[in-house]
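Listed below, chain by chain, are the residues.
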Amino acid sequence: MGDATRSSWLVHLRPVAFGLRPALHARTGAFLLLLGGGLAGLAMSALSPPSETTQGLFLWVLLLLCGGAGILFMEGIVSGDLETGVVLLWLQKPVRPELYYLNRYVESLLAALVVVLAVASAGVALLAARSGAPVYWVLAQIPSLLLITVVYGSMTFAFSAWGVRRDGTLPVALTLFATVPAGLYAMQPDRFGTLWRILEPILPPFRPLYGLAEYLSGHASPDLTLHLVWIAAYCAAWIVAGVLGVRWTTRSPFGARA
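Residues numbered from 1 in each chain as written. Predicted model: local features only at pLDDT ≥ 70, side-chain atom pairs only at ≥ 80, totals over all residues. Heavy atoms only, no water.

A. Main features of the overall build of the protein chain. For the protein chain, the helix and strand inventory stands at 12 helices and 0 strands. Seen in sequence order, the protein chain has helices and strands lined up from the N terminus as α-α-α-α-α-α-α-α-α-α-α-α. Sorting the 258 residues of the protein chain into buried and exposed places 42% on the buried side. Look at the contacts in the protein chain between residues 6 or more apart in sequence, and 77% of them connect residues 24 or more apart. (Helix = DSSP H or I, 4+ residues; strand = E, 2+ residues; numbered from the N terminus. Buried < 20%, exposed > 50% of the residue type's maximum accessible area, 1.4 Å probe, protein only. Contact = heavy atoms within 4.5 Å.)

B. Layout of the confidence of the model for the protein chain. Mean pLDDT over the protein chain stands at 80; residues scoring 70 or higher make up 73%. Note that pLDDT drops below 50 for residues 1–19; the model gives that stretch 18 contacts with residues more than four away or on any other chain. (pLDDT = per-residue confidence, 0-100.)

C. Up close: the packing of helix 11 (residues 206–216) against helix 12 (residues 224–251). Between helix 11 and helix 12, whose axes approach to 9 Å, the crossing angle comes to 135°. On the basis of the axis angle, helix 11 is oblique to helix 12. In the crossing of helix 11 with helix 12, the sense of the turn from one axis to the other is left-handed. Between helix 11, through Arg207, Pro208, Leu209, Gly211, Leu212 and Tyr215, and helix 12, the contact on the second element is made entirely by Leu224, His227, Leu228, Trp230 and Ile231. A breakdown of the residues in the contact of helix 11 with helix 12 according to their chemical character gives 8 nonpolar, 2 polar and 1 charged. (Axes fitted to C-alpha atoms, helices over the stretch in contact; angles between N-to-C directions. Parallel < 35°, antiparallel > 145°, perpendicular 65-115°, else oblique. Left-handed = near helix turned anticlockwise from the far one by under 90°. Nonpolar A, V, L, I, M, F, W, Y, C, P; charged D, E, K, R; others polar.)

D. Up close: unusual backbone geometry. Positive phi, close to 55°, is recorded for Arg166, a residue that is not glycine. Inspection of the secondary structure puts Arg166 in the loop between helix 8 (142–161) and helix 9 (169–187). Among the residues examined, Arg166 registers a relative accessible area of 65% and is labelled exposed.

E. Fine view of the pattern of salt bridges. Per the counting criterion, the structure on display carries 3 salt bridges. The salt bridge involving Arg247 is made with Glu98; its shortest N-O contact spans 2.9 Å. Taken as a pair, Arg247 in helix 12 and Glu98 in helix 6 (residues 97–131) lie far apart in primary sequence, 149 residues in all. Relative accessible area serves as the criterion here: at 13%, Glu98 is assigned to the buried category. (Salt bridge = Lys/Arg side-chain N within 4 Å of Asp/Glu carboxyl O.)

F. Here's a closer look at the packing of aromatic side chains. Counted under the stated rule, the structure contains 5 aromatic pairs. Seen in terms of ring centroids, Tyr100 and Tyr101 are 4.9 Å apart; in terms of plane orientation they differ by 75°. Their pairing is edge-to-face. On the basis of relative accessible area, Tyr101 is assigned to the buried category, the value being 0%. With a centroid separation of 5.1 Å and an interplanar angle of 55°, the aromatic rings of Phe159 and Trp238 are classed as tilted. Of this pair, Phe159 sits in helix 8 while Trp238 sits in helix 12; the two residues are 79 residues apart in sequence, bridging distant segments of the chain. You'll find Phe159 and Trp238 in the same group, each marked buried. Taken together, Phe159, Tyr234 and Trp238 form an aromatic cluster joined through their ring pairs. (Phe/Tyr/Trp six-rings, centres within 6.5 Å; stacked < 30°, edge-to-face > 60°.)

So this is what it looks like as structure tokens:
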């Protein structure tokens, strides 16, 4: 009896395991899609004649790769189990669903970051070999690019945790929606400043990420600390929302449908 109780506590308190192989195996389709699509896009931009347009295209491919990795590796991480009924297994075992899915979130996020680093490194090597130009401007952006993966991974995890079907489409929809108030604010900041201040905490942290990218590029950024705190708080808020969603949906798995 004592051993069973001790084992139960170990299950409840076990540390988050960093197992990349299970996450990569579970996301074989996402891995192949990102690997093939990312390398193809980077190769096309890297093999183009060297110019500022080529550099811009290269960075845009990297941006799409980073955001896509966060979404594809997190899509259905909880909602898939809710839809298939696998989540019911955790109601019959001494396992805390919040800790289990938080563990899966970390594993999947690490797997996504590994894929992003691998594809980006291959693309940078190809760009350097093709053009012979220094690629420090790309390497300097790696931290901000990885943070994009964390941002979109956290958003997708939260939507999935609340049982939202097609959870991967909502971060994309939120990003597209953000272009409207951002464009209005850019054109007429006096008129649409209030609207932007209301929506900015909800929308992806484009301005802090841009500020970080500017700093990494060698430009002055007096608000760097604020940008980093904003990004960290934004991701943390989505993760907390995801944990709360797991707690709610696993208590009533048949009602968790959207």
